[in-house]
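Structural overview for review
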Amino acid sequence: METRRLDKKATEAIVDSLLETYKNDSGTNFIEVTNLPFQEKVIEILDMLRELLFPGYTGRERVTTSNLEFVVGDLLCKVNDELTEQVERAFRHACRIKKCEDCDCRKKAEDAVYHLLGELPRIREILKTDVAAAYDGDPAAKSYEEVVLSYPGLAAIATHRIAHELYLQDVPLIPRMMSEWAHKLTGIDIHPGATIGERFFIDHGTGVVIGETAIIGRNVRLYQGVTLGALRFKTDKNGRLIKGGKRHPTVEDDVVISAEATILGDITIGKGAVIGSNTWVQDDVQAGVTVKMENPELKIAGRGAIKNHLRDAKH
Amino acid sequence: METRRLDKKATEAIVDSLLETYKNDSGTNFIEVTNLPFQEKVIEILDMLRELLFPGYTGRERVTTSNLEFVVGDLLCKVNDELTEQVERAFRHACRIKKCEDCDCRKKAEDAVYHLLGELPRIREILKTDVAAAYDGDPAAKSYEEVVLSYPGLAAIATHRIAHELYLQDVPLIPRMMSEWAHKLTGIDIHPGATIGERFFIDHGTGVVIGETAIIGRNVRLYQGVTLGALRFKTDKNGRLIKGGKRHPTVEDDVVISAEATILGDITIGKGAVIGSNTWVQDDVQAGVTVKMENPELKIAGRGAIKNHLRDAKH
Amino acid sequence: METRRLDKKATEAIVDSLLETYKNDSGTNFIEVTNLPFQEKVIEILDMLRELLFPGYTGRERVTTSNLEFVVGDLLCKVNDELTEQVERAFRHACRIKKCEDCDCRKKAEDAVYHLLGELPRIREILKTDVAAAYDGDPAAKSYEEVVLSYPGLAAIATHRIAHELYLQDVPLIPRMMSEWAHKLTGIDIHPGATIGERFFIDHGTGVVIGETAIIGRNVRLYQGVTLGALRFKTDKNGRLIKGGKRHPTVEDDVVISAEATILGDITIGKGAVIGSNTWVQDDVQAGVTVKMENPELKIAGRGAIKNHLRDAKH
């Protein structure tokens, strides 16, 4: 029996047939694409931005009142240089696809990054309200520091508030690369397009999905597995999806949405409503109401039973 | 059109307004906080602890019967040094918040770490039962080694058994940093406060949430998306959450909880009960029973149908 | 009060009792196991394989039409060397467990890797259809490049298509190490045994579980939290699980399965069926039908109501 070892000839054959598959592809090919944003660099920049928002929190660098101004100034300049480079690559890439030739991609990149950096103080103020909301909303939270150091919900919303500013500046690719990085780390998938108010808290978080056109008010709390998704997609006369268009829920102020609730479509959950666990909502919910599943009809086999599982008063 | 480039003046303006946001914050500020535990170091220590529990499993270091004692002794001393340093930082941090001045944080750290290290042989014995439970409970498991090398449920419970010992010693911040690291890697969110018996197996695991005051017996098996959560929170007369207090389920021995079941509140799931997929349980369940959704009322459109979806006998 | 510091004697005591726990264990012990595959190396190899499938996409290396052939040839040879080494370790490990002495593990490894590398051009062609399916199926997708650079569903299926080839060659340990790596990164848990057709798209993805014996046709779309799982396990006369055997669903072409649907057992979801969110299906579904929950019976408290939540026409 001959070993099917990879000799020179076999290697060349595989290389050739791989090269064949790279030909004439648009979009799955990154050859001669010198300006593609670089994933690892985008993550490094994100780390620096989070350090600007919570200086010293990683413990990597000792930050004191005497060196603070220099640490911050230095980080800000680094972020500006490196992010501008990556954003320029993303704009150039978009221009190549659109065969546009007269864009000043460098200038667009500088403008977009300038916008983001100018928003950092405001983002920091909003994040403080998010930290407070987590502490106020979770009986297990022992201190604000614990929230900043370990809560995945805080990591996700901090990343989102950064990515969203770049999304608003029409930066291609990078906002989604940032939000997918947070998704990897936290299991929380917030599209950079989503609009989210202050005092936002996601507890536990794994499996949360917030769609591109969702609008979330102030002081909203979500638990793990909550979806704010689209119900159905519009198609053109050729049956192709129409991209864009409001298709996700609007959630007004002070709403609480419990674990695993699935809320679909361009509906409105009114101010102060409470949506129970495992519900499935596809219609508007008026302000102030509590929505939960009817006492679930559980089937019980064996020698025991659920005690009083229909005792209404208890719910 | 002028480019809004980040010149020196613009940089100074942003730095100044960022500095403004750092002022007078408690808890979102890590400036002059020289003793904060360092996330990356905590993860390194966790890796060493897992190496002590399963020597050689990463393949990073060749472990033989001749070098074993030295490898283990060396790792143990390293963990002791580095973890004591991090735990001391965590205690100092807590003292700073409480404005306590007479704690011997170093001594408290040495005691806590000594406790954990002394528990390692016991943790190792329990983890063996967890590995066996995974192998016995999953038809896809090919060997014990596969469980140790690749099962996320095993990584999560191994981390939990370590973090829980530090939690029991009232170490601030670090237990949660450890459990959130496991959460990142596995999608399984076990609060370090949870009490969990031997032969514990979580299959697949993504989306599992186990709350701080949950108590789980021996030989319990959970699937992906299971929540053992809190139903409602107690508040004081000012409407603020009361921290602490038993608020999560007690799950007795030999219980199986299927995918996506949501179990909420300080209820008891009796010995040997089986909780079906996608159920939503908020009341005590007696020992030995099987709880499942009534045959779901599914609505069917189009030319076909679910075959016999109400055939009761089959369920 | 004496500090319980870890002195030499205490260290020796802990080391001794740890050593005791390492004795006589099969499967949780990796001592003298010189051929175990090395997790970090497996991940490095996986990165190289993904670079072969989408050359240049990480931005790490500049790929041009002039250097392409060399980059690809070089990567292919590296993957061949390093993967053969790891696969050989995995085979040797299996032989040690089975006490088999006459296997040519090196040759088996060379054959398995040769098979995988020869399949790469075909895998690349199939992945192009997966990218197209993601773009066509998600209104938020802005370009093919965005899908390749940031969609977790694409990362998961690319890894699966590689791991599955090694699974088909009966390589121990490594396919699952690869699929668990993708699980960590994406929250999508696809067992390397699953058979999946072209144009496969998982949107969002966190919490998806696809079991070992699932069979999925062409042009199937899944959303976050979908389980294609096993319902019950067969046991032998001693009550031990019987390993193997078809126990997961078969999903035919053109099926769409919405968020959080749980589909259990060796059933068939017929061609073109649509399974609604949060459903729980344990029986065959005929081709072409739409299955959804009956309008959920939601209980509403407070001053408002769900508007028309039973308006059937709207659904």
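Fair warning: this is a prediction, and the values are worked out from it, not measured in the lab. (Residues numbered from 1 in each chain as written. Chains lettered and ligands numbered in written order. Predicted model: local features only at pLDDT ≥ 70, side-chain atom pairs only at ≥ 80, totals over all residues. Heavy atoms only, no water.)

**Here we look at the pattern of salt bridges**
Working definition: two side chains of opposite charge can pair if their charged atoms are close together. As a reminder of what qualifies: By definition here, a salt bridge exists when the distance from a side-chain nitrogen of Lys or Arg to a carboxyl oxygen of Asp or Glu is within 4 Å. Here a strand is any run of E in DSSP of at least two residues, a helix any run of H or I of at least four, and the numbering for each starts at the N terminus. Only protein chains enter the accessibility calculation, which uses a 1.4 Å probe; a residue whose area is less than 20% of its type maximum is buried, one above 50% is exposed, and one in between is partly exposed.
For the structure on display, the rule yields 63 salt bridges over all chains. For B:Glu212, the salt bridge goes to B:Arg247, with nearest N and O atoms at 2.9 Å. In this pair, B:Glu212 is assigned in the loop between strand E4 (209-210) and strand E5 (215-216) and B:Arg247 in the loop between strand E7 (227-229) and strand E8 (250-251), connecting sequence segments 35 residues apart. Summarising the burial analysis for this pair, B:Glu212 and B:Arg247 share the class buried. Note that C:Arg106 and C:Glu110 form a salt bridge whose closest N and O atoms lie 3.3 Å from each other.

**Structural notes on the domain arrangement of chain A**
Test applied: Domain start and stop positions are those given by an automatic or database domain assignment.
For chain A, the domain assignment lists domain 1 (32-187) and domain 2 (207-315). When each unit is reduced to the centre of its C-alpha atoms, the spacing between domain 1 of chain A and domain 2 of chain A is 30 Å.

**As for the packing of helix H2 (residues 39-53) of chain A against helix H7 (residues 174-186) of chain A**
Residues and elements named next belong to chain A. Here is the rule: To obtain each axis, a line is fitted to C-alpha atoms, and for helices this fit is confined to the stretch in contact; angles are then taken between N-to-C directions over 0 to 180 degrees. Here the word oblique covers every angle except those under 35 degrees (roughly parallel), over 145 (roughly antiparallel) and from 65 to 115 (roughly perpendicular). Here, residues are in contact when the closest pair of their heavy atoms is within 4.5 Å. When residues are grouped by polarity, Ala, Val, Leu, Ile, Met, Phe, Trp, Tyr, Cys and Pro land in nonpolar, Asp, Glu, Lys and Arg in charged, and all others, Gly among them, in polar.
Two elements in contact, H2 and H7, have axes separated by 10 Å at closest approach and are oriented at 70 degrees. Relative to H7, the element H2 is oriented roughly perpendicular. Each of Gln39, Val42, Ile43, Leu46 and Leu49 in H2 lies in contact with H7, whose residues at this interface are Ile174, Met177, Met178 and Trp181. Residue composition of the contact of H2 with H7, by class: eight nonpolar, one polar and no charged.

**What about the interface of chain A and chain B?**
Bring the parts together and some accessible area is lost; that lost area is often taken as the interface size. The condition is simple: The buried area of a pairing is the accessible area, by a 1.4 Å probe, that goes missing from both parts when the two are put together, added over both.
Counting residues at the interface gives 80 residues for chain A, matched by 75 residues for chain B. The junction of chain A with chain B conceals about 6,900 Å² of combined surface from both sides, 59% of it contributed by carbon and sulfur atoms. Counting the surface chain A buries against chain B, the share from its top three residues, A:Tyr114, A:Pro139 and A:Lys299, is 11%. Where chain A touches chain B, the interface holds one salt bridge. Here A:Lys142 makes a salt bridge to B:Glu212, at a shortest N to O gap of 2.7 Å.

**Quick word on the interface of chain C and chain A**
On the side of chain A, 75 residues touch chain C, which itself brings 79 residues to the contact. Note on chain C versus chain A: buried area summed over both sides is about 6,800 Å², and carbon and sulfur give 59% of it. Where chain C meets chain A, there are one salt bridge. Among the secondary structure elements, those contributing two or more residues to the side of chain C that touches chain A are helix H2 (39-53), helix H3 (68-98), helix H4 (105-137), helix H5 (144-150), helix H7 (174-186), strand E6 (221-223) and strand E15 (298-301) of chain C. Of the residues belonging to the side of chain C that touches chain A, the class tally is 33 nonpolar, 22 polar and 24 charged.

**Notes on the packing of aromatic side chains**
Aromatic ring pairs are defined here through the distance separating the ring centres and the angle between the ring planes. To keep things clear, this is the line we draw: Centre distance within 6.5 Å is the pairing criterion for rings of Phe, Tyr and Trp, where only the six-membered ring of Trp is used; planes under 30 degrees apart are then read as stacked, over 60 as edge-to-face, and the remainder as tilted. Ring-over charges, as used throughout, are those where CZ of Arg or NZ of Lys falls within 6 Å of the ring centre and within 35 degrees of the ring normal.
This structure, assessed with the given rule, holds six aromatic pairs over all chains. The residue whose ring lies beneath B:Lys243 is A:Tyr135, and the NZ or CZ to ring-centre distance is 3.8 Å.

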